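A structural walkthrough
Given next are the chains, with one letter for each unit.
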Amino acid sequence: MARPSSIGEIRNVLILEADQFSADTLCQASGMVFPEATFKVAGRLSAATLLADAVSFDLLVTGIHLADGNTIDFLAAGVGRRQFGRVLVVTAHREQWVLQSLRDLGVDGVFDMGNEGLAQFQEALRVVAAGCTYWSAGILELLRRHR
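These notes cover the structure that comes with them. (Residues numbered from 1 in each chain as written. Predicted model: local features only at pLDDT ≥ 70, side-chain atom pairs only at ≥ 80, totals over all residues. Heavy atoms only, no water.)

Notes on the packing of aromatic side chains
This is how the line gets drawn: Centres within 6.5 Å are what make two rings of Phe, Tyr or Trp a pair, Trp counting through its six-membered ring; a difference in plane orientation under 30 degrees is then read as stacked, over 60 as edge-to-face, and the rest as tilted. Strands are runs of DSSP state E lasting at least two residues, helices are runs of H or I lasting at least four, and both sets are numbered from the N terminus onward. Exposure is judged per residue with a 1.4 Å probe applied to protein chains only, and the accessible area is read against the type maximum: over 50% gives exposed, under 20% gives buried, and values in between give partly exposed.
With the rule as written, the count across this model stands at three aromatic pairs. Centroid distance F74 to F84: 6.4 Å. Interplanar angle 55°. Geometry classified as tilted. With F74 in helix 3 (residues 71-76) and F84 in strand 6 (residues 84-91), this pair connects stretches of sequence that are 10 residues apart. The same class applies to F74 as to F84, namely buried. Ring-pair connections join several aromatic residues into one group, and the members of that group are F57, F74 and F84.

Below, the structure is given as structure tokens:
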């Protein structure tokens, strides 16, 4: 799959989040950045896999922990990187193993939802859609301190 490099190239977005309220919030905020995109929402990895088998997604916006597993294992298995053009992880987790795993997986962005607001999230979406990497400043600082 070709990786999108601009906001206009983001046509299909999958929001993968266990909490329905969070998923709706992410979907609405993403819709403001990508008004022409089509959005699908899944609360389980199994549902995300089925959707990704049927539709080519330009962007995956995902939390970490879902009822049937975690996104790190999903991405490590290669499913996510083959089936999604870009990946933005939205998390409040600050555990070193989580952050290092995401770094090792080469995700396109990690957004710290515990310390950044809606405007920052939308900026993270724009940066990732433009083909760049976005890591929240607080998360980068944690990684530096743990080195």
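Having seen the model, we can carry on.
Side note on the sheet that holds strand 6
Counted only if it meets this: Two strands qualify as a pair provided DSSP detects at least 2 bridges between them. Two residues form a contact once any of their heavy atoms are found within 4.5 Å. Interaxial angle, 0 to 180 degrees, is taken between N-to-C directions of lines fitted to C-alpha atoms, where a helix line uses only the stretch in contact.
Taken in spatial order, the six strands line up as 2-1-3-6-7-8 in an open sheet, and their pairing is parallel. At either end of the open sheet lies a strand with only one pairing partner, and these are strand 2 (38-42) and strand 8 (134-135). Of the pairings in the sheet, the one linking strand 3 (residues 57-62) to strand 6 comprises five bridges and is parallel in character. Counted as the bridge partner of V61 is L88 from strand 6. Against the sheet, helix 6 (residues 118-129) engages strand 3, strand 6, strand 7 (109-112) and strand 8, with an angle of about 155° to strand 6.

A few points about the packing of helix 1 (residues 20-33) against helix 6
Applicable threshold: Any angle between 65 and 115 degrees counts as roughly perpendicular, while under 35 counts as roughly parallel, over 145 as roughly antiparallel, and the rest as oblique. Helix crossings get a hand from a simple test, with the near helix turned counterclockwise from the far one by less than a right angle marking a left-handed crossing and a clockwise turn marking a right-handed one. Three categories are distinguished: nonpolar for Ala, Val, Leu, Ile, Met, Phe, Trp, Tyr, Cys and Pro, charged for Asp, Glu, Lys and Arg, and polar for the others, with Gly belonging to the last.
Contact geometry for helix 1 and helix 6: axes closest at 10 Å, N-to-C directions at 55°. Classified by the angle between their axes, helix 1 and helix 6 sit oblique to one another. Crossing angle aside, the handedness with which helix 1 passes helix 6 is right-handed. Side by side, helix 1 and helix 6 meet where L26, A29, S30, M32 and V33 of the first sit next to L118, F121, Q122, L125 and R126 of the second. For the contact of helix 1 with helix 6, a count of residues per class yields seven nonpolar, two polar and one charged.

Structural notes on the packing of helix 5 (residues 96-105) against helix 7 (residues 137-146)
Two elements in contact, helix 5 and helix 7, have axes separated by 10 Å at closest approach and are oriented at 105°. When the axis of helix 5 is compared with that of helix 7, the two are roughly perpendicular. Facing helix 5, whose interface residues are Q96, L99, Q100 and R103, helix 7 presents I139, L142, L143 and H146.

Description of the layout of surface pockets
Stated formally: Think of a 1 Å grid over just the protein atoms. A cavity is a set of points where a 1.4 Å probe fits yet cannot get out, a pocket is an open set with protein on both sides within 12 Å along at least five of seven lines, and lining residues have an atom within 4 Å of a point. Grid points are joined across faces, edges and corners, and a volume is the space filled by probe spheres set on the points.
Within this model, the largest pocket holds a volume of roughly 200 Å³. In this structure, the largest pocket is lined by E17, S22, T25, L26, A29, V90, F111, M113, E116, G117, L118 and F121. When contributions to the lining of the largest pocket are tallied by element, the ones reaching two or more residues are helix 1 and helix 6. Ranked by the residues each element gives to the lining of the largest pocket, the list is headed by helix 1, at four residues. When grouped by side-chain class, the residues that make up the lining of the largest pocket number seven nonpolar, three polar and two charged.

Let's talk about the pairing of strand 1 (residues 12-16)
Consecutive side chains along a regular strand alternate between the two faces of the sheet. Put simply, the test is: With the strands pointing away from the viewer, any crossover whose connection runs clockwise from the first strand over the helix to the second is right-handed.
Counting buried positions along strand 1 gives four out of five residues, so the element sits mostly inside the fold. Here strand 1 pairs with strand 2 via five bridges, running parallel. Its bridge partner being in strand 2, L14 is matched across the sheet by K40. Of the crossover connections in this fold, the one passing from strand 1 over helix 1 to the parallel strand 2 is right-handed. Bridge count for strand 1 against strand 3 is four bridges, and the pairing is parallel. Bridge pairing in strand 3 places V13 opposite L59.

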